[in-house]
Amino acid sequence: MSNFPACGRELPMRAAASTDDDDERIVRDGNVLVDGDGVVLIKDSKVKRSSIALEMGSKVKSIRLVGGDHEVDCKMDAGNFMLKACYLKKV
């Protein structure tokens, strides 16, 4: 049983999922994203430690899903970037 310290509620433990299996990872922007999808930026973003700014409406032809906080790896005219799926829209 798993225990929540704040309320004392207990839940049965589930079998631990393998983190090596990338097929079970689901990344969403409202729709499910998969490797090779085309996306569009829905918000302007400044690139840290650079004068580059990614503008809303910029298109990315082919994405690659990766683990971590920034789920999407992509190539754009300005370079290679890691982006969060919440700032993307599937085309």
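Scroll up to find the structure this text is about.
For the structure given in this document, a descriptive report is provided here. (Residues numbered from 1 in each chain as written. Predicted model: local features only at pLDDT ≥ 70, side-chain atom pairs only at ≥ 80, totals over all residues. Heavy atoms only, no water.)

### Focus on a nonpolar patch on the surface
Counted only if it meets this: Residues qualify for a patch when their relative accessible area is over 30% and they have no salt bridge, like charges being joined within 9 Å and the nonpolar side chains of Val, Leu, Ile, Met, Phe, Trp and Tyr within 5 Å. Calculation of accessible area relied on Shrake-Rupley with a 1.4 Å probe; when residues are assessed, cover is drawn exclusively from the protein chains displayed. In what follows, salt bridge is the name for a side-chain nitrogen of Lys or Arg lying within 4 Å of a carboxyl oxygen of Asp or Glu. Relative accessible area decides the class of each residue, using a 1.4 Å probe on protein chains only: under 20% of the type maximum gives buried, over 50% gives exposed, and in between gives partly exposed.
Together, Ile26, Val32 and Val34 give the surface a local cluster of nonpolar side chains, amounting to about 240 Å² of exposed area. Judged by its relative accessible area of 54%, Ile26 falls in the exposed class.

### Focus: the pairing of strand 11 (residues 79-83)
Our working rule: Two strands pair under a simple rule: DSSP has to find at least two bridges between them. Only DSSP runs of H or I reaching four residues or more are called helices, and only runs of E reaching two or more are called strands; each is numbered from the N terminus.
Pairing geometry for strand 10 (residues 72-76) and strand 11, over five bridges, is antiparallel. Bridging from a neighbouring strand, Asp73 pairs with Met82 of strand 11.

### What about the pairing of strand 10?
For a regular strand, the rule is simple: side chains alternate between the two faces of the sheet. Only one face of strand 10 is buried, namely the one carrying Val72, Cys74 and Met76, since none of Asp73 and Lys75 on the opposite face is buried. Pairing of strand 9 (residues 63-65) with strand 10 involves three bridges; the strand directions are antiparallel. Each residue of the ladder has a partner; that of Leu65, found in strand 10, is Val72. Hairpin connection of strand 9 to strand 10: six residues between the antiparallel strands, including Gly68 at a positive phi of 105°.

### Describing the nonpolar core
Rules: Throughout this description, the term nonpolar core refers to a set of buried Ala, Val, Leu, Ile, Met, Phe, Trp, Tyr and Cys residues connected via side-chain atoms within 4.5 Å. Contact between two residues is taken to exist if any of their heavy atoms lie within 4.5 Å; hydrogens are not considered.
In terms of nonpolar packing, the biggest core is built from 16 residues, with Leu33 and Ile63 touching the most fellow members. Of all elements in the fold, only strand 5 (39-41), strand 9, strand 10 and strand 11 reach the threshold of two or more residues within this core. Among the elements that make up this core, the one with the highest residue count is strand 10 (three residues). If sequence neighbours within four positions are ignored, Ile63 has contacts with Leu33, Val34, Asp35, Gly36, Asp37, Val39, Val72, Asp73 and Cys74.

### Some remarks on the environment of Ile26
Counting through the fold element by element, Ile26 comes out in the loop between strand 2 (10-11) and strand 3 (27-28). C-alpha of Ile26 to C-alpha of Leu65: the two residues are 39 residues apart in sequence and 9.2 Å apart in space.

### Topic: the sheet that holds strand 5
Within the open sheet, the three strands sit side by side as 8-5-12. Their pairing is antiparallel. In this open sheet, the two strands that pair with only one neighbour each are strand 8 (59-60) and strand 12 (88-90).

### What to know about unusual backbone geometry
Of note, the phi angle at Arg49 is positive, near 60°, even though the residue is not glycine. Looking at the element boundaries, Arg49 is found in the loop between strand 6 (45-46) and strand 7 (53-54).

### Describing the sheet that holds strand 11
Two pairing modes exist for strands in a sheet, parallel and antiparallel, and in both the strands are linked by backbone hydrogen bonds. Counted only if it meets this: Here an axis means a line fitted to C-alpha atoms, over the contact stretch when the element is a helix, while the angle between two N-to-C directions is reported on a 0 to 180 degree scale.
Judged by pairing direction, the sheet is antiparallel, and its three strands sit side by side in the order 9-10-11 without closing on themselves. For this open sheet the edge positions go to strand 9 and strand 11, each flanked by a neighbour on one side alone. Geometrically, the sheet is characterised by an average inter-axis angle of 25° between neighbouring strands, direction not taken into account.

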